[in-house]
Amino acid sequence: MRRAVGMTAGALVASVLVATPGAAAPGTGGTPASEPPPDSAFQKVTLNDSPGEPMDLAVLPDGRVLHTTRFGEVWLHDPDTRLNTLAAELDVYEHDEEGLQSVAVDPGFGTDNQWVYLYYSPPLDTPVDDPSTPDVNEGDAPLFGDPADFEPFEGVIRLSRFELDGDELDLASEQEIIDVPVDRGICCHVGGDIVFDDAGNLYLGTGDDTNPFESDGFTPIDERPDRNPAFDAQRTSANTNDLRGKVLRITVQDDGTYTVPDGNLFEPGTEGTRPEIYAMGLRNPFRIEIDPGTGDVYVGDYSPDADTADPERGPAGVGKWTVVREPANYGWPYCATAELPYVDYDFATEASGEPFDCAAPVNESPHNTGLTELPAVTQPDVWYSYGQSAEFPELGTGGIGPMAGPVYDFDPRTTRGRAPVAWPEYYDGVRLFYEWTRDYIKGFRLDDAGRLASIEDVVSSVVTDNPMDMEFGPDGALYVLEYGDGFFAENPEAQLARIDYIGTDGNHTPVPVATADVTNGEAPLTVQFSSEGTADADGDRMRYEWDFDADGRVDSRLRNPSFTYEENGLYRATLKVTDLGGPHRGKTASAEVEIVVGNVAPVVEFVTPSDGDTFSFGDVVAFEVRVTDDQPVDCSRVQVTYIVGHDDHGHPQTTAAGCTGTIQTTLPGGHGPGDNLRGVFNAAYTDPGGDGLPPLSGSAEVVLEPVG
């Protein structure tokens with residue numbers, strides 16, 4: 001242990017601790033009893049390499065894994081059959097970052113109930129783009145106007161629960177629990193993560209629902225009377241009477257209603273407050289986790305984009321990780337931390353005022369519907385910017401994408417059996433922290449007082465490519481959902497995976513690869529399958545088993561078989577590979593290929609613009625998209641999304657419909673020509689399917705380079 005950090009709203013105290021040998025303190029993950037196991041003692045196993053645009057995962061008590069996609073899909077992985085099946089598909093509103101967000105499992109799942117929780121954007125009657133008006137995007141909310149102009153875009157993000165019936169979610173069983181307001185048609189920060197404590201209380205993290213792109217990378221507090229309120233985070237995060245920019249804590253009842261447990265930030269009945277609020281002053285707490293044993297809530301809160309501090313505006317971007325043990329205010333949009341206030345700024349006059357008082361923040365925004373005087377700002381446990389942190393140098397440098405990961409609860413029972421995958425006792429009590437932009441996992445150890453004691457690398461040589469979510473399963477392995485590199489699509493590196501501990505003398509799980517020369521077409525469709533690339537790190541002999549139609553029966557044991565599909569339908573051909581050697585022989589893994597017979601995937605191409613074209617931010621860019629399909633093409637189903645690409649991530653700005661049209665490009669405030677920015681245009685088309693066949697999609701992407 002090297003460091004302990006104790007914080008108050010008014011002072012920051014750092015002290016050096018002397019390492020104490022011996023076992024870790026129970027439940028703290030303090031001083032480790034031994035050296036960390038080598039990375040070679042771990043193995044990453046792919047469970048689903050076609051996960052859509054992945055958002056969140058949940059491991060069921062029986063080992064099955066659910067994950068969501070932003071476009072409304074809920075996928076289920078069965079570890080016994082190695083099959084991935086579509087458990088549900090919700091109709092969702094998809095502008096900018098909205099859609100289907102998080103998934104969680106009820107604490108009583110499998111014993112008392114079958115409830116699965118989803119946080120999603122119902123379509124409602126929100127305006128969308130009309131492709132018959134190519135020069136106007138009706139789906140974009142106006143940036144200026146009056147309340148009547150903004151009212152059509154007032155929507156909600158809904159927390160509901162559904163019963164899992166076998167391998168399918170029963171959408172008719174929905175119980176609507178709570179609606180969180182959202183201003184639609186404009187980006188960003190809808191957050192949305194769900195966890196439970198041991199008492200059965202549900203915690204929901206919500207984003208500030210505020211556009212950050214015209215605040216020069218600093219605090220968005222635009223109070224101009226004709227400005228869209230979505231440019232003022234004071235209406236949400238700093239509003240004691242609003243559910244956004246918060247961690248909410250409620251107790252769901254048997255009928256789907258909820259009560260508010262004792263001990264939240266505001267007593268029920270307090271005028272100008274919502275009793276559901278547990279923590280406030282958060283920008284985008286995209287991932288929260290909980291320690292069931294202590295009730296501590298771990299929160300990773302995202303940062304604004306200013307590269308450097310400005311004495312006239314405030315600090316550079318700051319990402320945060322904190323342990324919430326009691327209700328608190330974390331300061332946004334007035335303070336990045338209790339020691340880093342922003343400067344009050346008048347967007348009408350472009351004049352800076354005084355720094356905000358983090359010890360006694362005051363919300364005087366005309367958009368505020370809650371209390372004026374707010375609780376003092378609480379200091380986070382970890383904070384860092386783009387450069388090397390003086391306090392936490394182990395976090396390195398790069399982008400800012402803090403994700404609060406789970407705490408590992410070692411159970412010796414999971415280490416028994418034929419082929420255990422549970423992580424070792426060394427990690428007992430360690431809190432995981434993962435970084436979306438820096439592609440790593442760190443371990444946070446706390447001392448007996450619950451203060452941060454040390455930071456260490458965790459399986460640093462195991463690739464986690466833009467990790468979106470992770471949690472430990474009942475088997476003690478770490479399940480990881482990876483987004484990959486790219487923009488608002490299923491990226492090549494995206495996957496659902498499991499990181500197993502196999503020990504220094506353990507046997508590796510084989511790594512299967514399944515491909516097909518064609519994946520869609522008219523019946524009869526002959527498909528040549530291949531297992532080329534399948535490997536076992538130990539060089540053991542392997543058994544190959546192909547199931548061409550997902551009926552659970554082996555259709556071929558050849559390595560590279562051929563099969564003819566005579567009937568139309570959707571088939572998920574699965575290759576299951578079994579290790580026949582080693583001390584734990586019998587380890588299996590699978591890969592799959594989706595085959596659609598009776599429908600042909602559309603081919604989408606940009607006629608204009610072309611990849612590599614130049615433009616200037618602020619230009620109106622005309623687009624033309626060509627779609628080729630075996631069915632009549634409906635141009636109203638074409639969607640073109642404009643994204644500001646920044647390094648290896650992107651900020652979606654708007655979506656237009658139609659084969660032709662124009663898009664007004666924008667440049668997020670706080671960014672400049674030297675910030676590695678690009679204009680990314682993504683075109684997508686989904687045909688209607690029909691006759692029992694699923695719709696098929698195609699997409700194309702062009703990247704424009706800015707000049708000037």
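To be clear, the structure that these remarks concern was listed above.
Quick look at the structure, then. (Residues numbered from 1 in each chain as written. Predicted model: local features only at pLDDT ≥ 70, side-chain atom pairs only at ≥ 80, totals over all residues. Heavy atoms only, no water.)

**Some points on the nonpolar core**
Item 1. In this structure, Y117, L159, I194, L202 and L395 are the most contacted members of the largest nonpolar core, which totals 59 residues.
Item 2. Here the element with the most residues in this core is strand β11 (residues 168–183); it accounts for four residues.
Item 3. Ignoring anything within four residues of it in the chain, the contact list for L395 reads V382, Y384, F433, R438, Y440, K442, F444 and I455.
Item 4. Of all hydrophobic cores here, the second largest spans 27 residues; its members include M55, M403, Y434 and Y483. (Core = buried A, V, L, I, M, F, W, Y, C linked by side-chain atoms within 4.5 Å. Buried < 20%, exposed > 50% of the residue type's maximum accessible area, 1.4 Å probe, protein only. Helix = DSSP H or I, 4+ residues; strand = E, 2+ residues; numbered from the N terminus. Contact = heavy atoms within 4.5 Å.)

**Observations regarding the state of the cysteines**
Disulfide: a covalent bond connecting the sulfur atoms of a pair of cysteines.
Item 1. Applying the stated rule across the entire model yields three disulfides.
Item 2. Disulfide pairing is shown between C187 and C188; the S-S distance is 1.5 Å. What sets the handedness of the C187 and C188 disulfide is the S-S torsion sign, and at about 90° it is right-handed. For the pair C187 and C188, one class covers both residues: buried.
Item 3. One disulfide bridge connects C335 with C358, the sulfur atoms lying 2.1 Å from each other. Torsion about the S-S bond of the C335 and C358 cystine: about -110°, corresponding to left-handed handedness. A residue pair is termed long-range when its members are at least 10 positions apart, and C335 in strand β21 (residues 335–337) and C358 in the loop between β24 (351–355) and β25 (382–384) qualify at 23 residues. Neither residue differs from the other here; C335 and C358 are each classed as buried.
Item 4. What links to what in the chain: the bonded cysteines, counted in sequence order, pair as 1-2, 3-4, 5-6. (Disulfide = S-S within 2.5 Å.)

**Examining the packing of aromatic side chains**
The description of two aromatic rings rests on the distance between their centres and on the angle between their planes.
Item 1. Across all of its chains, the model carries 29 aromatic pairs by this definition.
Item 2. Aromatic side chains F548 and F563 sit 4.6 Å apart centroid to centroid with 25° between the ring planes, which places their arrangement in the stacked category. With F548 in the loop between β36 (542–547) and β37 (562–565) and F563 in strand β37, this pair connects stretches of sequence that are 15 residues apart.
Item 3. An aromatic cluster of at least three residues, connected via ring pairs, comprises F42, Y408, F410, W423, Y426, Y427, F472 and Y501.
Item 4. Across from the ring centre of F71, 4.8 Å away, lies the NZ or CZ of R70, which sits over that ring.
Item 5. Just above the ring of Y426 sits the side chain of R445; from NZ or CZ to the centre is 4.7 Å. (Phe/Tyr/Trp six-rings, centres within 6.5 Å; stacked < 30°, edge-to-face > 60°. Lys NZ or Arg CZ within 6 Å of the ring centre and 35° of its normal.)

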